[in-house]
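What the coordinates show
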Amino acid sequence: MRTSPLERSASPSVGIIVRSYPRLSQTFIVEEIRALERLGVNLQIFAITDPREPVVQSEVAHVRAPVFYLDRLGRSLPSLARHLRLLTRSPRRYVNALRCAAGSRESDAGYRVASRYQCFLYAVSLAALLERQERSTGYRTRHLHAHFAHDPTLVALLTHLLTGIPYSFTAHARDLYQVPEPALVARAERATAVVTECTASVEYLASLLPAASASRVRIIHNGLSLHEFRPREPDDGAPGPPLLVSVGRLVEKKGFGDLLAACRRLKDSGRPFRCRIFGEGPERGRLAALLQELDLGDRVSLEGAHTRRQIMDAYRQADVFALTPFVTEDGDRDGIPTVLVEAMASGVPVVTTAVAGIPDLVTHGVNGLVRRPHDVEGIAASIAALLDDASMRRRLGSAGRETVQERFDVRNSAEELAALFGVAPERKPCVSPI
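So, how was this worked out
- Here, residues in each chain are numbered from 1, in the same order as that chain's written sequence.
- Only residues with pLDDT of at least 70 get local features here, since the model is predicted, and only at 80 or more are side-chain atom pairs given and counted; chain-wide, interface and lining totals rely on the full set of residues.
- The side-chain numbers reported here are obtained from all heavy atoms of the structure, hydrogens and water having been left aside.
- Note on pairing: two strands pair once DSSP finds at least 2 bridges between them.
- Strands here mean DSSP runs of E at least two residues long; helices mean DSSP runs of H or I at least four residues long; both are numbered from the N terminus.
- Every axis in this analysis is a line fitted to C-alpha atoms, fitted for helices over the stretch in contact. Angles between the N-to-C directions lie between 0 and 180 degrees.
- Should any heavy atoms of two residues lie within 4.5 Å, those residues are considered in contact.
- Using only the protein atoms, space was sampled on a 1 Å grid; points where a 1.4 Å probe fits but cannot get out form cavities, open sets with protein on both sides within 12 Å along at least five of seven lines form pockets, and lining residues are those with an atom within 4 Å of a point.
- Grid points are joined across faces, edges and corners, and a volume is the space filled by probe spheres set on the points.
- Amino acids are sorted into nonpolar (Ala, Val, Leu, Ile, Met, Phe, Trp, Tyr, Cys and Pro), charged (Asp, Glu, Lys and Arg) and polar (every other residue, Gly among them).
- Polar contact is the term for a pair of N or O atoms within 3.5 Å; when the atoms are in protein, one must be able to donate a hydrogen and the other to accept it, and sequence-neighboring residues count only if both atoms are side-chain atoms.
- The set of buried Ala, Val, Leu, Ile, Met, Phe, Trp, Tyr and Cys residues whose side-chain atoms join them within 4.5 Å is what this entry labels a nonpolar core.
- For each residue, the accessible area found with a 1.4 Å probe, counting protein chains only, is set against the maximum for its type, and the residue is called buried under 20%, exposed over 50%, and partly exposed in between.
- Planes of paired rings set the category: under 30 degrees apart is stacked, over 60 is edge-to-face and the rest tilted, where pairs are Phe, Tyr or Trp rings (Trp by its six-membered ring) whose centres lie within 6.5 Å.
- We call a charge positioned over a ring when the NZ of a Lys or the CZ of an Arg lies within 6 Å of the ring centre and within 35 degrees of the ring normal.
- We call a crossover right-handed when, viewed with both strands directed away from the observer, the connection leading from the first strand over the helix to the second proceeds clockwise.

Backbone hydrogen bonds hold the strands of a sheet together, and the pairing may be parallel or antiparallel. Reading across the sheet, the seven strands line up as S3-S2-S1-S4-S5-S6-S7 and stay open at both edges, with parallel pairing between neighbours. Looking at strand neighbours, the two that pair on one side only are strand S3 (67-69) and strand S7 (217-219), the edges of this open sheet. Sheet twist, expressed as the mean angle between neighbouring strand axes with direction ignored, is 25 degrees. As judged from the three bridges shared by strand S2 (residues 43-49) and S3, these two strands associate in the parallel manner. Bridge assignment links Ala-47 to a residue of S3, and that residue is Tyr-69. Relative to the sheet, helix H18 (residues 410-421) contacts strand S1 (13-20), strand S4 (141-147), strand S5 (167-170), strand S6 (194-196) and S7, its axis offset from that of S4 by approximately 125 degrees.

Written as structure tokens, this is what we have:
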């Protein structure tokens, strides 16, 4: 149950800024928030908008942080009075923030949803809310952290200029490569830290940023609560042919078209198998048509959106997990897909492609099988090899889980983030949610 700031301790807090909350496809944000709260970090969530998705993760109910929607704040508070108050209290800060927004023409190009002026209005609403909280309740926000380098980070930057509150941000994938370079550099230069999840992203940032900014880039993985992911028992699989599972938003970069083409080759080889693809998105129509064109209706099913708990059950039923992403023509790509980490945590052997941060997670022949993007023949051969060899499945599945245990524990990630935020959390016992 969420509590209001009036009911909570007046100790310093961290504000998490996101584009929308809660998102079904962004389980890593909920994981991170829950882990920080278990450390004793006081949080508030500032989302630009509510996605109002029909399926919501059950874990969202365990988040204690209050959620404020900036688009609603803009409608509920007197706009002119809000601007005049900030201008009167700190004219230099207000003018600097407005000048920054007006001069950032490149921010309206590339990947973004809101314009730079809309982001300025969101920042003014947020700054006014933070000031009102501190004045009326003593509840002080000490740090802002934005997820994704586009709109949320611009709002964080402008709020920093309005209030002086320091900020950091996590750059993930599409947002990192599709935000115009001058805008990305400007946002990184004023941030106390830039977090990313893989070596490829660090190298990209190092190629753009001045040395001082590049020195503040950190790799912090999107971790998991490992106790929630349990490998299946040897006799616990689903009856029938071997099960291939894939999970992801149905968007181009995930490469589901290549996976379907690989399934056609598996069917031609005479191997028995089933494939269940979990996820929803704009590519559903195209993929459904391709599935029929390839005559895979008896082997492959598009399962639609499911909760994380349901996906966990699917992992425990799976014999093989496959995800075959690639870099699209406009530069969209994954970082380290959370579903790959989840499948490995569940002890499922994985087949994937060498894109962006995936080589940081999966080493071919060691803890999974890796092919080049669009290598349909190679992808099919790797899946076939696992379907045919139970001992290989066990060996790679076990090694994959060990990798996640060693490097993707969300408790470690949360401790690193808390240190970057400059908060000294009171360590609380880790109690698993019922």
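To continue, consider the layout of surface pockets. Space inside the largest pocket adds up to approximately 1200 Å³. Residue lining of the largest pocket: 49 residues in total, with Arg-23, Ser-25, Gln-26, Arg-249 and Lys-254 positioned closest to the centre. Going through the elements one at a time, S1, helix H1 (27-38), helix H7 (174-178), helix H13 (308-317) and helix H14 (338-345) are the ones with two or more residues in the lining of the largest pocket. Take the lining of the largest pocket: its biggest share by element is three residues, from H14. Classifying every residue of the lining of the largest pocket gives 16 nonpolar, 17 polar and 16 charged.

Tracing the backbone shows Thr-353 in strand S12 (residues 350-353). Note: C-alpha distance between Thr-353 and Asp-375 (22 residues apart in sequence) is 8.6 Å. When neighbours within four sequence positions are excluded, Thr-353 is seen to be in contact with Leu-323, Thr-324, Pro-325, Ile-358, Val-370, Arg-371, Arg-372, Pro-373 and Ile-379. Within the structure, Thr-353 has its side chain in polar contact with the backbone oxygen of Pro-325 (distance 2.7 Å).

One finds Leu-260, Ile-277, Tyr-315, Phe-321 and Ile-383 to be the most contacted residues of the largest nonpolar core, which totals 62 residues. Setting aside residues no more than four positions away along its own chain, Phe-321 makes contact with Leu-244, Val-245, Ser-246, Val-247, Tyr-315, Val-339, Leu-340, Ala-343, Val-348, Pro-349, Val-350 and Val-351. With 48 residues, the next largest nonpolar core counts Phe-68, Leu-158, Leu-184 and Leu-205 among its residues.

Further remarks concern the packing of aromatic side chains. Enumeration over the complete set of coordinates arrives at five aromatic pairs. Summarising the aromatic geometry, the rings of Tyr-315 and Phe-321 are spaced 6.0 Å apart at their centres and angled 65 degrees between planes, so their arrangement reads as edge-to-face. For the cation-ring pair, Arg-333 lies above Tyr-177, with the distance from its terminal atom to the ring centre recorded as 3.6 Å.

Glancing now at the pairing of S5. Neither face of S5 is left uncovered, since the one carrying Tyr-167 and Phe-169 and the one carrying Ser-168 and Thr-170 both have all their residues buried. As paired elements, S4 and S5 share four bridges and run parallel to each other. Directly across from His-145, in S5, lies its bridge partner Ser-168. Crossover S4 to S5 through helix H6 (residues 151-163) is right-handed. The pairing of S5 with S6 spans two bridges and is parallel. Each residue of the ladder has a partner; that of Thr-170, found in S6, is Val-195.

It is worth stressing that arrangement in space is one thing and function is another; only the former is reported here.
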